[in-house]
Amino acid sequence: MKTTSSMVSPKSSVLLAKRKRKIHKLLEDEDDDNVGREEGKISEAKSESMKGDSKKRQFRKKTVSFDDSESEEEMLKDQREKEELEKHIREKDEARTWKLTVHKLTQKEKEEEIRRSNALEKDDVRVLRNSSRHEFLKKTVDKKLIELGNYIEDEQYLFEGVKLTEAEKSDYRYKKEIYELLTKQSEEADNVNEYRMPDAYDQDGVVNQKKRFSAAMRHDRDRISDEKMNSFAEQELWEEHQIGKASWKYGSENKKQASDDYQFVFEDQIDFVKASVMDGDNVCYEEMDDSFQKSKAKSASEALLEERKKLPIYPYRDELLKALDDHQVLVIVGETGSGKTTQIPQYLHEVGYTKHGMIACTQPRRVAAMSVAARVSQEMGVKLGHEVGYSIRFEDCTSEKTIVKYMTDGMLLREFLGEPDLASYSVIMVDEAHERTLSTDILFGLVKDISRFRPDLKLLISSATLDAEKFSDYFDSAPIFKIPGRRYPVEINFTKAPEADYLDAAIVTSLQIHVTQPPGDILVFLTGQEEIETAEEMLKQRTRGLGSKIAELVICPIDANLPTELQAKIFQPTPGGARKIVLATNIAETSLTIDGIKYVVDPGFCKMKCYNPRTGMESLLVTPISKASAMQRAGRSGRTGPGKCFRLYTAYNFHNDLDDNTVPEIQRTNLANVVLMLKSLGIHDLIHFDFMDPPSVEALLKALELLFALSALNKDGDLTKVGRRMAEFPLDPMLSKTIVASEKYKCSADIISIAAMLSVGNSIFYRPKDKQVHADNARLNFHIGNVGDHIALLKVYNSWKESNYSAQWCYENYIQLRSMKRARDIRDQLEGLLERVEIELISNSNDLDAIKKSIASGFFPHSARLQKNGGYQTIKHPQTAHIHPSSGLAEVLPIWVVYHELVLTTKEYMRQITELKPNWLVEIAPHYYQLKDVEESVSKKLPRGEGRA
DNA sequence: GAGCACTGC
């Protein structure tokens, strides 16, 4: 088939080349064996895999029959695993090798996966192997279209952009034929399992894939413990249910069904339509319109009341109240839309729980707390901030009258500091507990603790389905209360084979949806800003090739750092005839909801921050998402109507390779802050603190060690006066220490500006792709005199202040206004807190050394020294590092520096750096650095003059 | 000479 290779046009794009490679491989394969031999091979492969299966079965039988010894075996296995893990960690002690191994691993895993899937697919129709992309098209393309022979047309759509040769086209058509055969069979087949294995050879009597697979599944069920099975089956059931619901909605006669769905939407608001909706009669449309008008004519409060009665939770009201009467802790399971967040606090209020204290309801996000509070105050007919209020950082919208209080979970945590028994509350409801944010996890421990000596305090833990058992176990087998949700069906599609390049696959899938699917917007989950940009480019490039043959595609990128005005674009309604495609990061998974999304493309990855306590280094790694996350993503397509989710991985991957839940944040973060907070609440034994998922002892010790070094704790591990002051600040302990230390150097006003700027993160400087040079120049203005990044940030803040907080100034200097506003808010808050810990507000911006010394007082554990090779090494725990290129000192290379954070990306980078005099270290932290640490290395290893002497 | 998932206090 080499002749075909020579036919590739030199003009071809990367995509084309890739696609062609696939097809060539395919053609080669076919060339090698004729059809008969092919079949022989396949059946051979099949019996091979059957053998494998029976082996597995035997193994399973064995484990089942030796039930009693299983726990012992498991313990042994656990032990072994633990040992292996420990060994593993030891081996990776050095951060550099650690990094490399991680990378190697993922590469290896990839290869492994491809190999495994290839093996699995030996029993697949060969020709279909390389066409997993077309799988979506084939699965979902309207059957009628095929009947009419119209598919030649959509084939042209596909071919247009990539200019295939005649041979390739005919190959495609051949595959299409096979596909048609397959569809026919699957239509005939009774129950379609989403684990759809190829049916092509059923009729040859070689093997019945479905039977084989369901047998395998049954064995799986035997093996898996009951507890696990429940969640497993639940998931499966959910998906099957959704698929079942969805599958009959599309097709030639879907019009009537679709109208049913619209009626379902209206059902939210209208009382008596239900029966006629069930009838599915068209007449009810008018009736509904009628009643819709009527309900509008009613007073607003009455309408609200009626709406409340429509919520799925309403029928359970009395049962729920009874349950809470009987039990102190209740786990509530309810999907979004069940009304639990808005209704439960109202129910509790109605029966008088608010007589003895407030009801608190915590949310992981600010906007959620605000909007829910607004809604509830409306429903209760009171003014927001009076009886119903919310409390979030920078904004306390409550009053003395407040009895129902929505708040962020972090805010309740702060309140613990002032009121360790939460005496002013009678009910605490932790909402969205399944998200397992850091604050939620700590709240669990604290709340469980106080519930022991406050039997009058009621606890409600509300979560989405998956974790309920776990929550119940944690809260001493609290009863679980289930409320049905209200959601539209979502059809889930998996790829047949793993995709090597998920970005490319995501683009192709989106285009396929665009071409073959009924109107509805598309949401694509990608991992980061850069990836979104490339995806946008690719989409534009490819749609350009298709010209006017396809409907307009509106591309909307979105990530958290995008300026607000650009973010607004995704909420604009899609123009008629066009289709919107939203390229989003994880932000769209929980934080924002976009209306009109009907299709979700889920490549199965996200970026996750991990903390290595050994090196104190954070890294942002692209990792596979969890099953829970995948479900959440899929659910995003079914918010306003039935939806479809296209997962760019196989069902096998989903069930076997993805974790059930994302690792809770508490296990992959720097705990210094958490430890300081718990210590200031008087909790001494942190190792035995009742965490739901305890963090590693190592991470705890590292945090304790740091706090001791910062003299926030004394030798006995008790909080010192410094520590108590530090705990007042909602900042990283090192930053808090910097502020506390600024008292001594009389520059507190400058330091809080810096602290505020540092805590808004990396989104201050705006650097658009097309104006990088200008942006970089603007940035250099703040680095004049090589003052270091901290002081540059101070300069930015002060200049902005001088410009009277002008937006224009930000624009001219390539600074993000939003970040600056946030910095101002934080600074204002810090100013208030300074007063509280009795530190005078003094500015001393001319004495840069004073400012630098304050910084060093907080960040001395983060000091590094220049090496001969131009890299740096940290002082106390030797560790190589480099200055991040974005730093103003990246080319200056001072000999001694302190850094704000150490991140692992392509190298170990220190971000936000300030120069330091080595003797300061001994002066500031004599308990941490001895003279010899500093002096010896100065005299012995002077760099060869490239730094500053 | 390289890069910023997402929250929250």
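Only a predicted model underlies this, so the values are computations on that prediction, with no experimental measurement involved. (Residues numbered from 1 in each chain as written. Chains lettered and ligands numbered in written order. Predicted model: local features only at pLDDT ≥ 70, side-chain atom pairs only at ≥ 80, totals over all residues. Heavy atoms only, no water.)

A.B. asks: Explanation requested: the overall build of chain A in the structure shown.
C.D. replies: Each helix and strand in chain A was counted, giving 40 helices and 21 strands. Out of the 949 residues in chain A, the part that is buried amounts to 51%. Taking contacts inside chain A between residues at least 6 apart in sequence as the whole, the part at least 24 apart equals 73%. (Helix = DSSP H or I, 4+ residues; strand = E, 2+ residues; numbered from the N terminus. Buried < 20%, exposed > 50% of the residue type's maximum accessible area, 1.4 Å probe, protein only. Contact = heavy atoms within 4.5 Å.)

A.B. asks: Any chance you could explain the side chain of Ser338 here in plain terms?
C.D. replies: Here Ser338 shows up in the loop between strand E1 (329–334) and helix H18 (340–350). Since its relative accessible area comes to 0%, Ser338 is described here as buried.

A.B. asks: Would you mind going over the protein's contact with DNA strand B with me for this structure?
C.D. replies: Neighbouring DNA strand B are 28 residues; Arg366, Ala560, Lys607, Arg767 and Thr906 lie closest to it. Near-protein atoms of DNA strand B (within 4 Å) split between backbone and bases, with sugar and phosphate holding 65%. With respect to DNA strand B, the backbone of Arg366 contributes an N or O atom lying 2.7 Å from a phosphate oxygen. Separating a phosphate oxygen of DNA strand B from a side-chain N or O atom of Thr585 is a distance of 3.1 Å. With 3 residues, the top contributor of residues to the surface near DNA strand B is helix H20 (residues 409–418). Partitioned by chemical class, the residues of the surface near DNA strand B number 9 nonpolar, 10 polar and 9 charged. (Near = heavy atom within 4 Å. Polar contact = N/O pair within 3.5 Å; in protein donor to acceptor, adjacent residues only side chain to side chain. Nonpolar A, V, L, I, M, F, W, Y, C, P; charged D, E, K, R; others polar.)

A.B. asks: Is there a simple way to explain the pairing of strand E10 (residues 521–525) in this structure?
C.D. replies: Consecutive residues of a regular strand have side chains that alternate between opposite faces of the sheet. Within E10, 5 of the 5 residues are buried, leaving the element largely enclosed by the surrounding structure. Neither face of E10 is exposed, since Asp521, Leu523 and Phe525 on one face and Ile522 and Val524 on the opposite face are all buried. One ladder, built from 4 bridges, connects E10 with strand E13 (residues 597–602); its direction is parallel. Directly across from Ile522, in E13, lies its bridge partner Tyr599. Relative to strand E12 (residues 579–584), E10 runs parallel, the two sharing 4 bridges. The residue of E12 that forms the bridge with Val524 is Leu583. (Pairing = 2+ DSSP bridges.)

A.B. asks: Would you take a moment to explain the packing of helix H33 (residues 748–759) against helix H35 (residues 789–802) for this structure?
C.D. replies: When two helices pack together, their arrangement is captured by the angle between the axes and the distance separating the axes. Remark: H33 packs on H35, axes separated minimally by 9 Å, with the N-to-C direction vectors making an angle of 95 degrees. With respect to their mutual orientation, H33 and H35 come out roughly perpendicular. Contacts between H33 and H35 pair Asp750, Ser753, Ile754, Met757 and Leu758 from the former with His790, Leu793, Leu794, Val796 and Tyr797 from the latter. In terms of residue class, the contact of H33 with H35 is built from 7 nonpolar, 2 polar and 1 charged. (Axes fitted to C-alpha atoms, helices over the stretch in contact; angles between N-to-C directions. Parallel < 35°, antiparallel > 145°, perpendicular 65-115°, else oblique.)

A.B. asks: Looking at this model, I keep getting lost on the sheet that holds strand E4 (residues 395–397). Mind explaining?
C.D. replies: In a beta sheet, neighbouring strands pair by backbone hydrogen bonds and run either parallel or antiparallel. The sheet built from 8 strands is open, its strands ordered E4-E3-E5-E2-E6-E7-E1-E8 with mixed pairing. Among the strands making up the open sheet, the edge pair consists of E4 and strand E8 (480–483). Taken pair by pair, the neighbouring strands of this sheet meet at an average axis angle of 20 degrees, ignoring direction. Relative to E4, strand E3 (residues 388–392) is paired through 3 bridges, and the arrangement is antiparallel. By the bridge assignment for E4, Tyr390 is matched with Cys397.

A.B. asks: How should helix H16 (residues 300–310) be read in this particular structure?
C.D. replies: Helical periodicity: at 3.6 residues per turn, an α-helix aligns residues three or four positions apart in one direction. Among the residues making up H16, those that are buried are Leu304, Arg308 and Lys310. Buried residues of H16 fall within an arc of 155 degrees about the axis and therefore sit on the same side. (Arc of directions from axis to C-beta.)

A.B. asks: Mind showing me how you'd approach the confidence of the model for chain A here?
C.D. replies: In low-pLDDT regions, the fine details of the predicted coordinates are not to be read closely. Scored by pLDDT, chain A comes out at a mean of 72, with 67% of its residues at no less than 70. In this model residues 1–71 is a low-confidence stretch, pLDDT under 50, and it forms 73 contacts with partners more than four residues away in sequence or in other chains. The low-confidence segment residues 91–106, where pLDDT is below 50, has 20 contacts with residues more than four positions distant or belonging to other chains. (pLDDT = per-residue confidence, 0-100.)

A.B. asks: What is the right way to read the nonpolar core from this model?
C.D. replies: As a rule of thumb, soluble globular proteins bury nonpolar side chains together. Counting residues in hydrophobic clusters, the biggest one holds 110 residues, and the most contacted among them are Ile428, Leu678 and Leu830. Split by domain, this core shows at least three residues from each of two domains, domain 2 (311–482) and domain 4 (729–933). Dropping the residues within four chain positions of it, Leu830 is found in contact with Phe729, Pro730, Leu731, Ile739, Ile752, Ala755 and Ala756. Core analysis: the second largest hydrophobic core is formed by 29 residues, Leu321, Ile332, Tyr390 and Val404 among them. (Core = buried A, V, L, I, M, F, W, Y, C linked by side-chain atoms within 4.5 Å. Domains from an automatic or database assignment.)

A.B. asks: Can you help me understand helix H34 (residues 772–780) in this one?
C.D. replies: Here H34 has its buried residues at Ala775, Ala778 and Arg779. What you see down the axis of H34 is that its buried residues fit within an arc of 100 degrees, all on one side. Among the exposed residues of H34, those oriented more than 90 degrees off its buried face are Val773 and Leu780.

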